[in-house]
Every structure is written in structure tokens, then in C-alpha cells.
Amino acid sequence: MKITTNYLIVLLVIAVACSCGDSNQQQASSIVSASKNLPDANHVPLDIPGGPGSAEFIANCQTCHTARYVLMQPKLSRKAWEKSVDKMIHVYGAAIDSLTAIKIVDYLAAR
Ligand code: HEC
């Protein structure tokens, strides 16, 4: 009796493991096909407001992510933009000199 129960448990575990594997595969393939329908983020039209600092922003803030990713942030204070740009430089290694960084902060705080 004990052996039969153990045997059934083993079968059940195998059955569950197999069905999980299948659904993961299905999920993965549906994610891939869904992402094929998404536009390439770099080709989504975006209005980058002009003005002082816009050239510096365009040249330095699209290396690792899109400009849209930055401009879709809510309006932030100058202090908050300073912190954000500082993080890009010191945490993520953005190669931006301090004068350029100040121009970008001014630009983002003014928009
Ligand atoms: C070296 C790569 C790199 C460069 C260059 C870069 N970023 Fe980022 N940025 C990242 C990464 C990675 C994230 C996402 C991780 C995160 O949110 O902390 C990010 C996220 C952000 C975010 C989302 C909110 C946040 O603070 O996480 C903002 C806003 C942002 N970047 C602004 C900028 C601006 C402005 C510039 C130009 C001065 C810039 N980034 C340049 C790497 C970079």
C-alpha cells in the first residue's frame, strides 16, 4: 500500500513537471510574437523640445535608453534632475563632463 502511494506521488510530480514545462514554452513563444508587433522604440516619433541644452541632451542621453524614456518622466525639480543625471554618470558610467551635465540639468528642469 505504502509503495503504491509513493509510486502515485512520483507519477503526479512528473506529470505536473511536464505540464509546467509545456506552458512555459507556450508563454515564451507568445511573448516573442507579441514583441514582434511592437514598434521599435527608436522609431516612435518624439518631439524633443529645443532650447538651451537640447543639443547636449540629444548627444548624451540616448546612448543607453531613448530620449522618450527621459522625457516621459513627470515634471521634476532641478534638484531631482541633478540627482538623476548624477546617477547616470556615477552609477551607470555615462561619460558626461560636469559642464555638459549642468546644461542638461538646466534643460530638463526648464521643460
Ligand atoms: C551609460 C548609460 C546611460 C546613459 C548615457 C544615460 N542613462 Fe539614464 N538610465 C540608464 C539606466 C541603466 C537606467 C535604468 C535604471 C534605473 O532606472 O535606475 C536609466 C534610467 C534613466 C531615467 C529613469 C529614472 C531613473 O532615474 O532611473 C532617467 C530620467 C534617465 N535615465 C535620464 C538620463 C539622462 C537625462 C541622461 C543624460 C544626461 C541619461 N539618462 C543617460 C543608463 C544611462
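All values reported here derive from a predicted model rather than from experimental measurement. (Residues numbered from 1 in each chain as written. Predicted model: local features only at pLDDT ≥ 70, side-chain atom pairs only at ≥ 80, totals over all residues. Heavy atoms only, no water.)

A. Expanded view of the nonpolar core. Counting 14 residues, the largest nonpolar core has Phe-57, Val-85, Ile-104 and Leu-108 as its most contacted members. Of all the secondary-structure elements, those providing two or more residues to this core are helix H3 (67–71), helix H4 (78–90) and helix H5 (98–110). If we ignore the near neighbours within four places in the chain, the residues touching Ile-104 are Glu-56, Phe-57, Asn-60, Cys-61, Val-85 and Ile-96. (Core = buried A, V, L, I, M, F, W, Y, C linked by side-chain atoms within 4.5 Å. Buried < 20%, exposed > 50% of the residue type's maximum accessible area, 1.4 Å probe, protein only. Helix = DSSP H or I, 4+ residues; strand = E, 2+ residues; numbered from the N terminus. Contact = heavy atoms within 4.5 Å.)

B. Geometry of H4. An ideal rise of 1.5 Å per residue puts 18 Å on 13 residues; H4 measures up with 18 Å between its terminal C-alpha atoms. What H4 keeps buried is the set Trp-81, Val-85 and Ile-89. Around the axis of H4, the buried residues are gathered within 75 degrees of arc, so they sit on the same side. Every exposed residue of H4 that faces more than 90 degrees away from the buried side is listed here: Lys-79, Lys-83 and His-90. (Expected span 1.5 Å × (residues − 1). Arc of directions from axis to C-beta.)

C. Molecular detail of the environment of Ile-48. Mapped onto the fold, Ile-48 is located in the loop between helix H1 (2–36) and helix H2 (54–60). Here the alpha-carbon distance between Ile-48 and Ala-67, two residues 19 residues apart in the chain, equals 7.8 Å. The contact partners of Ile-48, leaving out residues within four places of it in the chain, are Phe-57, Ile-58, Ala-67, Leu-71 and Tyr-107.

D. Structural context of the coordination of the iron atom of the ligand. Only His-65 (NE2) and Met-88 (SD) from the protein reach the iron atom of the ligand as donors, at distances of 2.0 to 2.2 Å. Classification of the site at the iron atom of the ligand as octahedral follows from its 6 donor atoms and the range of 84 to 179 degrees in their angles at the metal. Of this pair, His-65 sits in the loop between H2 and H3 while Met-88 is found in helix H4, placing the two residues 23 residues apart along the sequence. Judged by relative accessible area, Met-88 falls into the partly exposed class, the value being 25%. (Donors = N, O, S within 2.8 Å, 3.2 Å for Na, K, Ca; no water. Tetrahedral: all angles 85-135°; square planar, octahedral: opposite > 155°, others 65-115°.)

E. Just the environment of Ala-67, in detail. One can find Ala-67 in helix H3. Residue Ala-67 is classed as buried on the basis of its relative accessible area of 1%. A C-alpha to C-alpha distance of 8.1 Å links Ala-67 and Leu-46, two positions 21 residues apart in sequence. If we ignore the near neighbours within four places in the chain, the residues touching Ala-67 are Leu-46, Ile-48, Phe-57 and Gln-62.

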